[in-house]
Amino acid sequence: MAGVEHDQTCELLLQQLLQPDSAVVAAATSSLDTFMEQPVCVPVLLRRMQSSERPEVRQMAGVYLRKRIRKHWSHIDPASQQYVQQALMAAIVSEPDHKVRKAAGNVVAAVAPLALKNTAQPHGKKKKGASAGGAGWPELTGFLVQCAGASAEHREVAMLLF
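Numbers given to residues run from 1 along each chain, matching the order in which its sequence is written. Predicted model: local features are reported for residues with pLDDT of at least 70 only, side-chain atom pairs are reported and counted for 80 or more only, and whole-chain, interface and lining totals are derived from all residues. With hydrogens and water excluded, all non-hydrogen atoms of the structure serve as input to the side-chain values.

**Q** What should I look at first to understand the overall build of the chain in this one?
**A** Numbering of helices and strands runs from the N terminus; a helix is a DSSP stretch of H or I covering at least four residues, while a strand is a stretch of E covering at least two. Along the backbone of the chain there are 8 helices and 0 strands. N-terminal to C-terminal, the α/β element order of the chain is α-α-α-α-α-α-α-α. Burial classes: relative accessible area under 20% of the type maximum marks a residue as buried, over 50% as exposed, and values in between as partly exposed (1.4 Å probe, protein chains only). Here the chain, with 162 residues, has 38% of them falling under the buried criterion. The contact criterion used is simple: two residues touch if any of their non-hydrogen atoms lie within 4.5 Å. Taking contacts inside the chain between residues at least 6 apart in sequence as the whole, the part at least 24 apart equals 61%. Taken as a whole, the chain presents about 8,500 Å² of accessible surface, with 56% of it coming from carbon and sulfur. Accessible surface is estimated by sampling points in the Shrake-Rupley manner with a 1.4 Å probe; for residues, cover comes only from the protein chains shown.

Structure follows, in structure tokens:
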């Protein structure tokens, strides 16, 4: 699969997970599990979470993204990591569906420790076990404070992350 084909196939598989036929669900789960072994699943699932027309598919994309982002995070270049972080914050702010917003918050909760692990400590020391590179996530704290002071929907996600 490449580009648009990845997105279309992923959308179809996520839709199949929502079907009442257990054989269809099992086949879709198997295909998704295979696809999710590849780092390319991160941007594809992120795009599905952002742009699927069906909120159930956006939620499912968020659930699957949370499950695999830890495994693939170190294989994503710092610029793409920063894009993922920005996209997740944007999804929390702009997503109208409660379940999708919560799924996005859960992905943030999975990414935050990985991103913050790369943030330098005072006196230029790296946190123990931190890998080279990575930009951290300097906007996260301000974003959470902003959400905590916003609408009830955004406060809920902020509380999930605090």
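Once you've had a look at it, read on.
**Q** Please explain the pattern of salt bridges as it appears in this structure.
**A** Opposite charge on two side chains allows them to pair when their charged atoms are near. One side-chain nitrogen of Lys or Arg within 4 Å of one carboxyl oxygen of Asp or Glu is enough to make a salt bridge. Following the criterion strictly, the structure yields 7 salt bridges and no others. A salt bridge links arginine 48 to aspartate 7; its shortest N-O distance comes to 3.9 Å. With arginine 48 in helix α3 (residues 41–51) and aspartate 7 in helix α1 (residues 4–16), this pair connects stretches of sequence that are 41 residues apart. By relative accessible area, which is 13% here, aspartate 7 ends up buried. A salt bridge links glutamate 37 to arginine 68; its shortest N-O distance comes to 2.8 Å.

**Q** What's the story with the packing of helix α7 (residues 140–148) against helix α8 (residues 152–161) in this structure? I'm lost.
**A** In helix packing, the relevant descriptors are the interaxial angle and the interaxial distance, both defined with respect to the helix axes. As a rule, the C-alpha atoms of each element are fitted with a line to give its axis, helices using only the stretch in contact, and angles between N-to-C directions run from 0 to 180 degrees. Remark: α7 packs on α8, axes separated minimally by 7 Å, with the N-to-C direction vectors making an angle of 135°. Judged by the inter-axis angle, α7 sits oblique to α8. Relative to α8, α7 is oriented so that their crossing is left-handed. Between α7, through Leu144, Cys147 and Ala148, and α8, the contact on the second element is made entirely by His154, Arg155, Ala158, Met159 and Leu161. When residue character is reported, Ala, Val, Leu, Ile, Met, Phe, Trp, Tyr, Cys and Pro are called nonpolar, Asp, Glu, Lys and Arg charged, and the others, Gly included, polar. Looking at the contact of α7 with α8 residue by residue, the class counts come to 6 nonpolar, 1 polar and 1 charged. Our angle categories are set so that under 35 degrees counts as roughly parallel, over 145 as roughly antiparallel, 65 to 115 as roughly perpendicular, and the remainder as oblique. Left-handed describes a crossing whose near helix is turned anticlockwise from the far helix through less than a right angle; right-handed describes the clockwise counterpart.

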